[in-house]
Every structure is written in structure tokens, then in C-alpha cells.
Amino acid sequence: MYSNQIICGESVQVLSAFPANSVDLVVTDPPYLVGYRDRSGRTVANDDDPDAVLAVYDELYRVLKPDSYCISFYGWTAIAAFASAWENAGFRPVGHFVWSKPYASKTRYAEYRHESAFLLAKGNPSPPSKPIPDVLPWVYSGNRTHPTEKAVDVIAPLVTCYSRAGDVVLDPFAGSGSTAVAAALKDRRYIGIELDPGYCALACKRLAGVAKTRRIPTAA
Ligand SMILES: C[S@@+](CC[C@H](N)C(=O)[O-])C[C@H]1O[C@@H](n2cnc3c(N)ncnc32)[C@H](O)[C@@H]1O
């Protein structure tokens, strides 16, 4: 089984080689299906291709252990597509997180000031011993290395609440590796999968930095 690795490749293809029922927790930040482009022209791969994003949830359901959680951010404009992919895969929504931003990402029909993620269950996981609030303060990452980088401080409370030390935490849309870094910092094992070789290299570099300070073995 893979552990403490960033795997460069397409998630459905990579995950098809994983055994069923082998992952403790998924925390992921998929392309939001909005055709994203930031001010400097940076884009996100597959952000305009629902099939290339939504097909991953079937594989996530298969590789997750029975009675476990998948936490998925999503773009609210594509909620119908995400919700149907989650339901078709077998997931059941058991919670919904909202992060309140102190600034607007965009202003049009409203000031858009929140991020959101669903807490999805495979089977009937036990509730966490100390549930976290479903409204949380946003922490801005600065998006320096990835156009939609999530701050480790946003991901870490999810990892701590919904997994235990030593568990395997998977992110199939790893980007710059924020979920893997949060998992490593919280003494979980991580698996990140990312299409873009540049982001894979960046994630590996960040994780090597964490490993140095925490003596975590990293796979080549
Ligand atoms: C929203 S970003 C994730 C950013 C990440 N949370 C971070 O903090 O850096 C989504 C990532 O998924 C990757 N991606 C898109 N489709 C993919 C696929 N089918 N398999 C693997 N990676 C994919 C993109 O290259 C992008 O880096």
C-alpha cells in the first residue's frame, strides 16, 4: 500500500491500482468546474471538464474503508453535478462546512465571501469525539505557488477531527500538497495524487521540509 507519497498522474487511473477499503480519510479540493483563471492568467487543469473531475468519486468510495469520511470542497455553481456524482458513488452527506472570508473573491449578484465543503460518509462512521463547528474562519494562503492553494490551517482541523494518528489521508487533487502537509504535521500518513508534474515537485519539496522537522519517512 502507498504511504507518504505524492503520485504524479491522473487520479482515476492511479486509484484503479489501489486496493479497495484501504484509505482512512479523503480530504480534497477538486477543480470547482468554473473555468477558473486568476489575475495573472493561471488556470486549474480540468476546471472546465466535469467528467475528468467527477469520475474520481467512484474510485474514492471504493478505496475508502467501510464507515469512513470523505471531505470535499466544491464550487457552489456546480453543486448539482457534484451532488449527483457523490450520490451515484454511494456517499451520504452528513455535514456541510462553510468558511467565512474577510474579503470578497468576486462581487456580482452578491459579495462572494465563503468557501464550502461537504462531509460525506461511506457507510455509518462513528461521529468524532470532539466535532468541530460547521462555520469556520477562512485563512488566506496567498496563492503564491498554486492559483487555488488552500492554507494548511484550513485543512488541519478537518484532518484532526476525522482521522487518528497513523491513519492514511488521501487527496486525489493534491495541487501544491496542502492536505498532505496538514496530514504529515498531524502525524497521519498521506497520499497525494496530482496531474501537474510542477505541482507534484512543489508538494514533494514542502513535504520534505515537514519530514526534516518531524522525522517522517518519505517514499521516493
Ligand atoms: C483546486 S486544485 C487543488 C489545490 C490544493 N488544494 C492546494 O492547496 O494546492 C485542484 C488540482 O487538481 C489537479 N487535477 C485536476 N484534475 C485531476 C485529475 N483528474 N487527476 C489528478 N489531478 C487533477 C489540478 O492540476 C489542480 O492542481
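So, here is what we can say about the structure in this document. (Residues numbered from 1 in each chain as written. Predicted model: local features only at pLDDT ≥ 70, side-chain atom pairs only at ≥ 80, totals over all residues. Heavy atoms only, no water.)

### Comments concerning the layout of surface pockets
And step 1. Roughly 430 Å³ of volume is contained in the second largest pocket.
And step 2. Contributing to the lining of the second largest pocket are 18 residues, with Tyr69, Tyr162, Ser163, Arg164 and Asp167 lying nearest its centre.
And step 3. Those elements that provide at least two residues to the lining of the second largest pocket are strand S3 (64-73) and helix H5 (152-162).
And step 4. The element best represented in the lining of the second largest pocket is S3, accounting for 5 residues.
And step 5. Looking at the lining of the second largest pocket, its residues break down into 7 nonpolar, 5 polar and 6 charged. (1 Å grid on protein atoms, 1.4 Å probe; cavity = no way out; pocket = protein on both sides within 12 Å on 5 of 7 lines; lining within 4 Å. Points joined across faces, edges and corners; volume = space filled by probe spheres on them. Helix = DSSP H or I, 4+ residues; strand = E, 2+ residues; numbered from the N terminus. Nonpolar A, V, L, I, M, F, W, Y, C, P; charged D, E, K, R; others polar.)

### Quick look at the environment of Lys65
And step 1. In this structure, Lys65 sits in strand S3.
And step 2. A residue is classified by how much of its surface remains accessible, and Lys65, at 32% relative accessible area, is partly exposed.
And step 3. Taking the C-alpha atoms as reference points, Lys65 and Lys122, 57 residues apart in sequence, are found 8.0 Å from one another.
And step 4. Setting aside its immediate chain neighbours within four residues, Lys65 contacts Asn21, Ser22, Val23, Asp24 and Lys122. (Buried < 20%, exposed > 50% of the residue type's maximum accessible area, 1.4 Å probe, protein only. Contact = heavy atoms within 4.5 Å.)

### A short note on the side chain of Asp47
And step 1. In this fold, Asp47 is placed in the loop between strand S2 (23-28) and helix H2 (50-54).
And step 2. Despite being buried, Asp47 has no salt bridge partner; Arg37 is the closest side chain of opposite charge, sitting 9.6 Å away.
And step 3. Sequence-distant contacts of Asp47, defined by excluding residues within four places in its chain, comprise Pro31, Tyr32, Leu33, Val34, Gly35 and Tyr36. (Lys, Arg positive; Asp, Glu negative; His and termini not counted. Salt bridge = Lys/Arg side-chain N within 4 Å of Asp/Glu carboxyl O.)

### Focus: the nonpolar core
And step 1. One finds Val27, Ile71, Phe73, Trp99 and Tyr162 to be the most contacted residues of the largest nonpolar core, which totals 33 residues.
And step 2. Those elements giving two or more residues to this core turn out to be S2, S3, strand S4 (92-100), strand S7 (114-122), H5, helix H6 (178-185) and helix H7 (197-214).
And step 3. Sort the elements by how many residues they give to this core and H5 lands first, with 8 residues.
And step 4. In this structure, Val23, Leu33, Cys70 and Val168 belong to the second largest nonpolar core, which totals 29 residues. (Core = buried A, V, L, I, M, F, W, Y, C linked by side-chain atoms within 4.5 Å.)

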